[in-house]
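# Summary of the model geometry
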Amino acid sequence: MALMRAARLHAIGEPMSIDEIEVPKPRPTDVLVRVEACGIVPNMANVISNWPTWFPQQPLAALPAIFGLDAAGIVEEVGEAVIRTRPGDRVYVNPLRSCGSCYSCRGGQLSRCRYFTLNGYFSTSPDGQKIFDLYPYGGFAEYMTAPQQSLVKLPDNISFEQAGRLGYIGTSYGALRMADAGPGMVGLIDGVTGTLGVAATVLSLALGVAKVLGTGRDKELLHRVKSLAPDRIEILELGDKPSGEWAKALTDGEGADFVISALGARASAETMLDSIQGVRRGGKVVNVGGVADRVPVDMKWLMDEQVQLIGSNWFSTAQGQELAHMVETGTLDLAYLEHERFPLTEVNHAISGLKDRRGGFSNYVVIP
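What this report covers is the structure whose coordinates are included nearby.

Rules used throughout
- Residues numbered from 1 in each chain as written.
- Predicted model: local features only at pLDDT ≥ 70, side-chain atom pairs only at ≥ 80, totals over all residues.
- Heavy atoms only, no water.
- Disulfide = S-S within 2.5 Å.
- Helix = DSSP H or I, 4+ residues; strand = E, 2+ residues; numbered from the N terminus.
- Contact = heavy atoms within 4.5 Å.
- Salt bridge = Lys/Arg side-chain N within 4 Å of Asp/Glu carboxyl O.
- Buried < 20%, exposed > 50% of the residue type's maximum accessible area, 1.4 Å probe, protein only.
- Axes fitted to C-alpha atoms, helices over the stretch in contact; angles between N-to-C directions.
- Parallel < 35°, antiparallel > 145°, perpendicular 65-115°, else oblique.
- Expected span 1.5 Å × (residues − 1).
- Pairing = 2+ DSSP bridges.
- Phe/Tyr/Trp six-rings, centres within 6.5 Å; stacked < 30°, edge-to-face > 60°.
- Lys NZ or Arg CZ within 6 Å of the ring centre and 35° of its normal.
- Core = buried A, V, L, I, M, F, W, Y, C linked by side-chain atoms within 4.5 Å.

### What to know about the state of the cysteines
Summed over all chains, the structure comprises zero disulfides. Lacking any disulfide linkage, C99 is separated from the closest cysteine sulfur, that of C113, by 3.7 Å.

As structure tokens, this is what we get:
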């Protein structure tokens, strides 16, 4: 019986322990991945400490649980019904799991499934516990199983550490796709210095967006974002002036073609309401970060201005493959990421140390 090390959470609010467990066997349509790197999302510490209090109707995996959202590695073994994937392939494992057989899943809209679950993280529905039972292995382990349709094939010029950030980059990409972001447009990114915000900025530049208007609270990080493309990025420190008025002033009163709200889950609703006012008539507002309170939207204004308010929470594996192709061809440059590597034995320190990160530029990864 082959054994592996895995960081497992035995109780909410307690540190993970490094346990030795059996290496899982892939089912016929699954693969076994040897994990080379797994990204740590900034919210992980909150999830493993406070989740039942925050969202009692949305389950975590049954304890003891193996977390780890953004795993990348090498395919070690494939199930007998796996067709296009082979041992030795370099892959990123998209953690989005769904039932696979409902109307949404059959139409390729996996994130609309009532079983929507992020493997190694949390589910958004009580039905997600069934998914955790099927896929209990997250990326904080030496090996994990995954369905073949979840794999993004990685080109040689994407390191495993960079691939460990594809979850957040992909989430921003999915939001930009919903916003129809493209050449010649102006985009307003609220929360531009965070993990989602920096990714949305880099992707906007790669997609040909002419001007990025970014708001945030950290002056130093704002200037770091601007330095990515000084001629195409404008920044505003929140509190200096209303962001909506600022966006309109920079666009001859028209407003931005789209707004990406990449605020944190504890941001105020007022901040989002302000940025919404910066979108042009007929524009799109895509919320990908969440805010702390209910947002009182002026529905008549939304109707009169024909503005679309859209929620976006993840990305498809196909979109993940598009990102991989963009990096392979040089369209997307991930050199902005600053890697902080931790062995599996230091996973608790790595999670707690995220408060010291340098905004959306830091990339904390566990190396099993």
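Let's pick the thread back up.
### Thoughts on the environment of K248
The topology assignment puts K248 in helix α8 (residues 243–249). C-alpha of K248 to C-alpha of R280: the two residues are 32 residues apart in sequence and 8.1 Å apart in space. Look past the residues within four positions of K248 in its chain and what remains in contact with it is G253, E254, G255, Q277, G278 and V279.

### Topic: the pattern of salt bridges
For the coordinates displayed, the defined rule picks out 20 salt bridges. Between D257 and R280 there is a salt bridge, and its shortest N-O distance comes to 2.9 Å. Taken together, the residues span a long stretch of sequence, with D257 in strand β14 (residues 256–261) and R280 in strand β15 (residues 279–287) at a distance of 23 residues. Residue classification places R280 among the partly exposed positions, given a relative accessible area of 27%. With its nearest N and O atoms 3.7 Å apart, the salt bridge here joins E305 to R281.

### Points about the environment of M185
As for its placement among the helices and strands, M185 is situated in the loop between α5 (166–178) and β11 (186–190). Sequence-wise, M185 and K211 are 26 residues apart; in three dimensions their C-alpha atoms are separated by 6.7 Å. Setting aside anything within four residues of it in sequence, one finds M185 in contact with D180, V209, A210, K211, D257 and F258.

### Comments concerning the packing of α5 against helix α11 (residues 317–328)
One way to put it is that α5 packs onto α11 with a least axis distance of 10 Å and a crossing angle of 105°. Classified by the interaxial angle, the pair formed by α5 and α11 is roughly perpendicular. Within the contact between the two elements, α5 uses I169, G170, Y173, G174 and R177 and α11 uses Q319, E322, L323 and M326.

### Here's the deal with α11
Over its 12 residues, α11 extends 16 Å from the first C-alpha to the last, a length consistent with the 16 Å expected when each residue adds 1.5 Å. Among all positions of α11, only T317, Q319, G320, Q321, L323, A324, M326 and V327 are buried. G330 lies just past α11 and shows a positive phi near 85°.

### A word on the sheet that holds strand β13 (residues 233–237)
Strand order in this open sheet of six strands is β13-β12-β11-β14-β15-β16, and the pairing throughout is parallel. Each having just a single partner strand, β13 and β16 (308–311) make up the two edges of the open sheet. Sheet twist, expressed as the average angle between the axes of neighbouring strands with direction ignored, equals 15°. Against the sheet, helix α6 (residues 195–206) touches β11, β12 (211–216), β13 and β14, its axis set at about 170° to β11. Here helix α7 (residues 219–226) sits on the sheet in contact with β12 and β13, set at roughly 170° to β13.

### Overview of the packing of aromatic side chains
All chains considered together, the criterion is met by four aromatic pairs. Measuring from centroid to centroid gives 6.3 Å for Y336 and F361, while their planes differ by 85°, and the two rings are edge-to-face. Here F361 lies in the loop between α12 (347–352) and β18 (362–367) and Y336 lies in the loop between α11 and β17 (338–343), a separation of 25 residues in the sequence. Ring geometry for F342 and Y364: centres 5.5 Å apart, planes at 35°, overall tilted. Residue F342 is found in strand β17, and its partner Y364 is found in strand β18; the two are separated by 22 residues along the sequence. Judged by its relative accessible area of 10%, F342 falls in the buried class. Lying over the aromatic face of Y135, R97 brings its terminal NZ or CZ to 5.4 Å of the ring centre. A cation sits over an aromatic face here: R224 above F361, 4.1 Å from the ring centre.

### Some details on the nonpolar core
Grouped together as the largest cluster of nonpolar side chains are 97 residues, with contacts concentrated most on M16, M44, F67, F140, L154, I260 and Y336. With seven residues, α6 is the largest single contributor of residues to this core. In this view, L154 contacts A72, R90, V91, Y92, F160, A163 and L166; residues no more than four positions away in its chain are not counted. Membership of the second largest hydrophobic core comes to 18 residues, among which are L188, A247, M272 and V285.

### Brief notes about unusual backbone geometry
Cis peptide bonds are those with omega within 30 degrees of zero, and the linkage from L63 to P64 qualifies with 0°. On the secondary structure map, P64 appears in the loop between α1 (44–54) and β4 (65–66). A positive phi is found at D180, a non-glycine position, where the angle reads about 60°. Taking relative accessible area as the criterion, D180 reaches 46% and is therefore assigned partly exposed. The phi dihedral of Q306 is positive, around 55°, even though this residue is not glycine. Within the secondary structure, Q306 sits in the loop between α10 (299–305) and β16. Overall, the relative accessible area of 53% leaves Q306 in the exposed class.

### Some points on the sheet that holds strand β2 (residues 17–22)
In space, the three strands of this open sheet follow the order β2-β1-β4, with antiparallel pairing throughout. Two strands in the sheet have a free side with no partner beyond their single neighbour: β2 and β4. With two bridges connecting them, strand β1 (residues 3–9) and β4 associate as antiparallel partners. Residue pairing for β4: R8 is matched across the bridge by I66.

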